[in-house]
Structure formats: structure tokens, C-alpha cells
Amino acid sequence: MPNQRAKPTLRRRRLGSLLADCRDKAGLSGEEAAARMGWHHTKLSKMENARAGVTPKDIDLLMSTYGVTDADLISALQGLARDAGKQGWWATYGDVVANPYRDYLSLESDAVGIRFYGGHLVPGLLQRPGYAKAIITGTAMPPRTPQEVQALVDVRMARQAVLSRTDRPPLKLRTVIHESVLQQEEGDLSIMLDQLNHLLYMSERPNITLQVMPMSAGAHPGLLGLFSVVDFERPWPTVVQLENILGGTFVEGTEAVQQFDDAFEAIVADALSVDASRKAIMNRIEEIRR
């Protein structure tokens, strides 16, 4: 059957996970639930493990069997069932966008908010093309060809549409970058001047909160690495992405995610205020112009 050969996209994995959670809350094993619906138990297993597609009709039957009456939850599940197999705009960039990056782009496009500790990097959602090209060229492992670098720059610029989308509220971005970012010289100074001016401009948007971690700050959780806390509309749980040289890994689960919630708030508390952060950026712009 075509459904049994469904590709386990991230959306389909998240749908399967939530369906399994609903079944667990109903106190049913996979075999018991499948029997009540007149299915072979492997059909339900494949749905929960993202190896089979799920239709809105399947959602109706599953939720009825599990005794779920929450209309918002059912509607959300049906929506994801319809969209789970769809490919995002990034599919047109082919293999240059690796699977972990595709998964993150899928999360980013569905999210309502992202909290990102950027450390010594400007967040991708706030990067200018020249800065993005310099960063991608210098950090890509293995090294990328000029054509691949440009494709990744194009992807990074396309991602930024979530900050000004009109089909639903723009993504809310809260980010903290280290003060050393302001001192970077990626390429020539004109690249950094363009980037810093862009940060100043974007920081004025109501859906963007930008803070700077001062050089004088002591130890804080951000020293352990870059991470993104990605928030969604109910019922989808928050997901954390940890960035590393292989592209990133994901952390899920209430207790684990809560630790990153707490870590981000601790980082924010140690950072300069929004106004002081803007002042720090303006001061660096004036230094470069002199």
C-alpha cells in the first residue's frame, strides 16, 4: 500500500509521537487500540513510527477510540495529517540541504517563536548575505564549493521570510549574541557594517528581541554551546535544537526542554538590556565609520 511506504518526515514523526501519546493516555496498548478499530496492529504501529501516512479520517477514528473530545487538538492533528507528507520550499535546493538542516527548517517554518542563544554568531534569521557567505565558507565541514556556499546563502535568506510572513503572525524571535560578534571582521569592514546596521534595524521590529552578552559577563549556561528553543501552537510540544559540526540534534520531552527554558532565561538575565544592547551596536557602528 502507498501509505506503508511513506517517507518518515519530521512532521510525520511528530504526528506519530502525539498519536502514541493519546493512545497511552487512553490506557491502551497498540494491539488493543488496533483491534478496537478493526486494524491489523502493524498498521497503527507504522502510523506511530512515521512509516505510514495518516488521513484526517484516520484521526477521527483514532480520537473517537481514545475518547479524545478536544476540538482544537483534533483539528491540529487533522491539519498535520494533511500536511505531513508535503515538502518544504527548501526541497528545491536538493542535497545541499542535509537532512538535519531540513528537519530544522521544517520546525522553523511551523514555529510561532524561537529563542536562540547565538554565542559568537549572528543568528541565521538576522544575517545579511555577505556575512552569511563568510560564515558558511569558514565553518562548513567538509568545505563547500562556491556554488554550494551560494545555495546555502540563498537558503538562509529565504528562511528569513518567517519574520515577516502575512498568512499568520510573524515568528517571534528572542536572541542573545555575545559582544565579541560586534568586533568580528568577516570579510572587509563593509560586510560587518552592513550586518550591524541590519541588526539595529531588525531590533526595532516588535516580534524581535535582541540582546548582547557583555564581555564582562561571568559564567552562564550559554558557554556550553549554541541552542534554539522552538515553540509551537498547542498541542505541539516545544523542541530544542543543539547546534554542532554535524548540523544539529534535537531534544524533546518536558523535563529536558524545561532545562533549556531555564538556561535561556539565565542567559537573558546576564545579558545587557534591549536598550543597552542597541547602544552597544550603535557604538560599534560609529567605531567602524571613524
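Structure: above.
Residues numbered from 1 in each chain as written. Predicted model: local features only at pLDDT ≥ 70, side-chain atom pairs only at ≥ 80, totals over all residues. Heavy atoms only, no water.

**So, the packing of helix α4 (residues 56-66) against helix α5 (residues 71-83)**
Moving on, step 1. Contact geometry of α4 with α5 gives a least axis separation of 8 Å together with a crossing angle of 145°. α5 is crossed by α4, and the crossing has right-handed handedness. On α5, the residues touching P56, I59, D60 and M63 of α4 are I74, L77, Q78, A81 and R82. (Axes fitted to C-alpha atoms, helices over the stretch in contact; angles between N-to-C directions. Helix = DSSP H or I, 4+ residues; strand = E, 2+ residues; numbered from the N terminus. Left-handed = near helix turned anticlockwise from the far one by under 90°. Contact = heavy atoms within 4.5 Å.)

**A look at the packing of aromatic side chains**
Moving on, step 1. Under the criterion given, the structure shown has 3 aromatic pairs.
Moving on, step 2. Aromatic pair W89 and W90: ring centres 5.4 Å apart, planes at 80°, arrangement edge-to-face.
Moving on, step 3. With a relative accessible area of 35%, W89 lands in the partly exposed category.
Moving on, step 4. Between the aromatic rings of W89 and Y93, the centroid separation amounts to 6.2 Å while the plane-to-plane angle is 85°, which identifies the pairing as edge-to-face.
Moving on, step 5. Residue classification places Y93 among the partly exposed positions, given a relative accessible area of 26%.
Moving on, step 6. Grouping aromatic residues by their ring pairs yields a cluster made of W89, W90 and Y93.
Moving on, step 7. Over the ring of F232 we find R14; its NZ or CZ atom is 4.2 Å from the centre of that ring.
Moving on, step 8. K43 extends its terminal NZ or CZ atom over the ring of W39, reaching a point 4.2 Å from the ring centre. (Phe/Tyr/Trp six-rings, centres within 6.5 Å; stacked < 30°, edge-to-face > 60°. Buried < 20%, exposed > 50% of the residue type's maximum accessible area, 1.4 Å probe, protein only. Lys NZ or Arg CZ within 6 Å of the ring centre and 35° of its normal.)

**Quick word on the pairing of strand β5 (residues 239-242)**
Moving on, step 1. Examined bridge by bridge, strand β4 (residues 227-231) and β5 share 4 bridges and lie antiparallel to one another. Along β5, the bridge assignment pairs S228 with Q241.
Moving on, step 2. Where β5 lies against strand β6 (residues 249-251), 3 bridges are found, and the strand directions are antiparallel. Its bridge partner lying in β6, L242 is registered against T249.
Moving on, step 3. Following β5, the chain reverses through 6 residues before pairing antiparallel with β6; G247 in that reversal takes a positive phi of roughly 120°. (Pairing = 2+ DSSP bridges.)

**Focus on helix α6 (residues 99-110)**
Moving on, step 1. Taking 1.5 Å of rise per residue, the 12 residues of α6 would be expected to cover 16 Å, and the 17 Å separating its terminal C-alpha atoms lies within 8% of that figure.
Moving on, step 2. Of all 12 residues in α6, 9 are buried, a share of seventy percent or more.
Moving on, step 3. Residues of α6 that are buried include every one of Y101, R102, D103, Y104, L105, S106, L107, E108 and S109, and no others.
Moving on, step 4. Against the buried residues of α6 lie α1 (10-25), β1 (113-119), α8 (146-159), β4, β5 and β6. (Expected span 1.5 Å × (residues − 1).)

**A word on the side chain of R165**
Moving on, step 1. Tracing the backbone shows R165 in the loop between α8 and β2 (172-178).
Moving on, step 2. The side chain of R165 is buried and forms no salt bridge, while D167, the nearest opposite charge, is found at 5.1 Å.
Moving on, step 3. Setting aside its immediate chain neighbours within four residues, R165 contacts E108, S109, A111, V112, P170 and L171. (Lys, Arg positive; Asp, Glu negative; His and termini not counted. Salt bridge = Lys/Arg side-chain N within 4 Å of Asp/Glu carboxyl O.)

**Concerning the pattern of salt bridges**
Moving on, step 1. Inspection of every chain in the model, using the stated rule, returns 13 salt bridges.
Moving on, step 2. When the shortest N-O distance is used, the salt bridge between R13 and D103 registers 3.0 Å. Pair noted here: R13 is in helix α1 and D103 is in helix α6, with a separation of 90 residues, a long-range link.
Moving on, step 3. With a closest N to O distance of 3.2 Å, E265 and R174 form a salt bridge.

**What about the nonpolar core?**
Moving on, step 1. By size, the foremost hydrophobic cluster in this structure holds 58 residues, and its most contacted members are L15, I59, L62, M63, Y66, L77 and L163.
Moving on, step 2. For this core, the element with the most residues is α5, which contributes 6 residues.
Moving on, step 3. The residues contacting L15, other than those within four sequence positions of it, are V54, I59, L77, L80, A81 and W236.
Moving on, step 4. Formed by 13 residues, the second largest nonpolar core is a distinct cluster that contains V229, V240, V251 and A271. (Core = buried A, V, L, I, M, F, W, Y, C linked by side-chain atoms within 4.5 Å.)

**Structural notes on the pairing of β1**
Moving on, step 1. In terms of burial, β1 is a largely internal element, 7 of the 7 residues being buried.
Moving on, step 2. Here β1 shows no split at all, with G113, R115, Y117 and G119 on one side and I114, F116 and G118 on the other all buried.
Moving on, step 3. Here β1 runs beside β2; their pairing, made up of 6 bridges, is parallel. Paired with G113 across the two strands is K172, which belongs to β2.
Moving on, step 4. As paired strands, β1 and β4 are joined by 5 bridges and run antiparallel to one another. In the sheet register, I114 faces β4, and the bridge partner there is V230.

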